Amino acid sequence: MQRSVTYYHQLLSSYLDGAVSVEEANELFDFIRQSPVEARQLMEAAGHTDFSDRFGHLENIDAATSQRMYDRLAGAISSSSFSHRPVHRVHFLRKSWFRYAAAVLLVAGTLAVFLLLNNHQQEPLQAAGKKQPQKDIVPGSDKAVLTLADGSSLVLDEAQNGDLARQGNARVVKLENGRLAYEAKAGPGEKPSFNTLTVPRGGQYALTLADGTRVWLNAASSIRYPTVFAGAERKVEVSGEVYMEIATNSRKPFIVEANGTAVQVLGTSFNLNAYPDESVVRTTLIEGSVRVSKTSTADVAVLNPGQQAEVAGHVDGVKVVAVDTEQVLAWKNGLFSFQNADIKTIMRQLSRWYDINIVYENAVPSQRFFGEMNRNLTLSQVLKGLEVSKVNFRLEGRNLIVMP
């Protein structure tokens, strides 16, 4: 069906406002490339062909995504025969992570933008061309269970703020911001008792240890720690994924043990991913210096900021690679971040955060994904963003079926 120039003018305005679907964006760019005479009218009606200033003030999309949207429009204009003036590349200095509920994906190297701006009406998931009514699944939230030294447990998301328990000389407190904190002083010859903080699937939580070390736990993670650090070293055991900011104490090294890996620090910040269903344990240094060792061998590596150590149970040695630390810490900053991720990697993250089970129907889709999504989106919103890559999903209760 032939559209009017007015229609495409409205489409361009929506694109400049960051409120356009993938299909509408593709339709706009096809029009610009294939209809140069009408496209010239479109640009003249818009008043200019250099939209850098307009994209520089988008408030609903982060700077990197604004840049990519601008680049794609500029590319379409440049490739059209109507273009008569250069379209300059603009570099955005503003950093703002998804100030609204927006989901942005780069799929297989092609820009695909799907915006969900203040949309409170959830559409049912689609499977095989048919709509199946399904209750949407909300994202994870702050929740955890604290297991005390005597084996008793406290559900922290149900507990009131204030004092929760006494553990020897340690006072366990739930703060107003939802963080768990230990206030303690080690007495002479005191034997520390051990507590365990367990975050279930669909949860996250933050903790301040007795020495002032701060810990953030991702979904399906846990940490076992002493209520006071009384000995010559500070040692904790971790499962899952944590980000830690270690309180400096040159006389007491801090040691983290996780799934065959030991990380030793004096004062630093780092991220540790040690999920049992991941093939390797990854330690990423943000600041300071850490010593990473494989506990079953003598292999050791010392990291500099921006480096990641990989330890695999079936491979000797500690592999060190340079990484994007913002991408590694995306979960702590409220984002999913996919960098050349396959569908299984993405599904493992979704299963933990939304507390769902993943089932693959027939062959596993081969697509790879690049981009970011906000972790406060509902599951259906996330799946809509993924479906632009032609991967299909069907949700049955808490079972998500992935179809090629």
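Residues numbered from 1 in each chain as written. Predicted model: local features only at pLDDT ≥ 70, side-chain atom pairs only at ≥ 80, totals over all residues. Heavy atoms only, no water.

- By the naming in an unreviewed UniProt entry, the protein chain is FecR domain-containing protein, taken from Candidatus Pseudobacter hemicellulosilyticus.

**Things to note about the overall build of the protein chain**
Turning to step 1, where the next piece is worked out: A tally of regular secondary structure across the protein chain gives eight helices and 28 strands.
Turning to step 2, where the next piece is worked out: In the protein chain, which comprises 404 residues, the proportion classed as buried is 48%.
Turning to step 3, where the next piece is worked out: Contacts in the protein chain between residues far apart in sequence, at least 24 positions, make up 56% of those at least 6 positions apart.
Turning to step 4, where the next piece is worked out: Counting every atom, the protein chain has about 19,000 Å² of accessible surface; 47% of that belongs to carbon and sulfur. (Helix = DSSP H or I, 4+ residues; strand = E, 2+ residues; numbered from the N terminus. Buried < 20%, exposed > 50% of the residue type's maximum accessible area, 1.4 Å probe, protein only. Contact = heavy atoms within 4.5 Å. Areas by Shrake-Rupley, 256 points an atom, 1.4 Å probe, with all protein chains shown as cover.)

**Structural notes on the pattern of salt bridges**
Turning to step 1, where the next piece is worked out: Considering all chains together, one arrives at 14 salt bridges under this definition.
Turning to step 2, where the next piece is worked out: Among the ionic pairs, Arg-171 bridges to Asp-163, the shortest N-O distance being 2.4 Å.
Turning to step 3, where the next piece is worked out: Classification of Arg-171 by relative accessible area gives partly exposed; the value is 23%.
Turning to step 4, where the next piece is worked out: Among the salt bridges present, the one from Asp-211 reaches Arg-234, with a minimum N-O distance of 2.6 Å. Taken as a pair, Asp-211 in the loop between strand E12 (203-208) and strand E13 (214-217) and Arg-234 in strand E15 (residues 234-245) lie far apart in primary sequence, 23 residues in all.
Turning to step 5, where the next piece is worked out: Through salt bridges that share partners, Asp-277, Glu-278, Arg-348 and Arg-352 make up one connected network. (Salt bridge = Lys/Arg side-chain N within 4 Å of Asp/Glu carboxyl O.)

**Details of the nonpolar core**
Turning to step 1, where the next piece is worked out: In this structure, Leu-180, Leu-197, Ile-223, Tyr-225, Val-236, Met-244 and Phe-270 are the most contacted members of the largest nonpolar core, which totals 42 residues.
Turning to step 2, where the next piece is worked out: Among the elements that make up this core, the one with the highest residue count is E15 (four residues).
Turning to step 3, where the next piece is worked out: When near neighbours in sequence (up to four residues on either side) are disregarded, Val-236 contacts Leu-209, Ile-223, Arg-224, Tyr-225, Pro-226, Phe-229, Met-244, Phe-254, Ile-255, Val-256 and Glu-257.
Turning to step 4, where the next piece is worked out: By size, the runner-up hydrophobic cluster in this structure holds 24 residues, among which are Ala-341, Met-373, Leu-379 and Leu-383. (Core = buried A, V, L, I, M, F, W, Y, C linked by side-chain atoms within 4.5 Å.)

**A word on helix H8 (residues 379-387)**
Turning to step 1, where the next piece is worked out: Where burial is concerned, most of H8 is hidden: eight out of the nine residues are buried.
Turning to step 2, where the next piece is worked out: Along H8, the positions that sit buried rather than exposed are Leu-379, Ser-380, Gln-381, Val-382, Leu-383, Lys-384, Gly-385 and Leu-386.

**Re unusual backbone geometry**
Turning to step 1, where the next piece is worked out: Unlike most non-glycine residues, Asn-259 shows phi in positive territory, near 50°.
Turning to step 2, where the next piece is worked out: Here Asn-259 lies in the loop between strand E16 (254-258) and strand E17 (261-265).
Turning to step 3, where the next piece is worked out: Under the relative-accessibility criterion, Asn-259 is labelled exposed at 51%.
Turning to step 4, where the next piece is worked out: Of note, Asn-362 is a non-glycine position whose phi angle comes to about 65°, a positive value.
Turning to step 5, where the next piece is worked out: Structurally, Asn-362 is set in the loop between strand E25 (357-360) and strand E26 (368-374).

**Describing the packing of helix H7 (residues 343-354) against H8**
Describing two packed helices takes the angle between their axes plus the distance from one axis to the other.
Turning to step 1, where the next piece is worked out: One can describe the packing of H7 onto H8 by two numbers: an axis separation of 12 Å at closest approach and a directional angle of 170°. Accordingly, the angle class assigned to the pair H7 and H8 is roughly antiparallel. For the pair H7 and H8, the contacting residues are Ile-346, Met-347, Leu-350 and Tyr-354 in the first and Leu-379, Val-382, Leu-383 and Leu-386 in the second.
Turning to step 2, where the next piece is worked out: Among the residues forming the contact of H7 with H8, the class breakdown is eight nonpolar, no polar and no charged. (Axes fitted to C-alpha atoms, helices over the stretch in contact; angles between N-to-C directions. Parallel < 35°, antiparallel > 145°, perpendicular 65-115°, else oblique. Nonpolar A, V, L, I, M, F, W, Y, C, P; charged D, E, K, R; others polar.)

**Quick notes on the packing of aromatic side chains**
Turning to step 1, where the next piece is worked out: Taken as a whole, this structure holds five aromatic pairs when the rule is applied.
Turning to step 2, where the next piece is worked out: Each ring, one from Phe-229 and one from Phe-254, has its centre 5.9 Å from the other, and the planes form 55°; the classification is tilted. Note that Phe-229 is positioned in the loop between strand E14 (221-226) and E15 and Phe-254 in strand E16, a separation of 25 residues in sequence. The burial state of Phe-229 is the same as that of Phe-254; both residues are buried.
Turning to step 3, where the next piece is worked out: Taken together, a centroid distance of 6.2 Å and an interplanar angle of 15° make the contact between Phe-336 and Phe-338 stacked.
Turning to step 4, where the next piece is worked out: One aromatic cluster is present, built from ring pairs that chain together Phe-336, Phe-338 and Tyr-354.
Turning to step 5, where the next piece is worked out: Note that Arg-375 overlies the ring of Phe-336, its terminal NZ or CZ placed 5.8 Å from the centroid.
Turning to step 6, where the next piece is worked out: Here the guanidinium or amino end of Arg-375 rests over the ring plane of Trp-353, the centre of that ring lying 3.8 Å away. (Phe/Tyr/Trp six-rings, centres within 6.5 Å; stacked < 30°, edge-to-face > 60°. Lys NZ or Arg CZ within 6 Å of the ring centre and 35° of its normal.)

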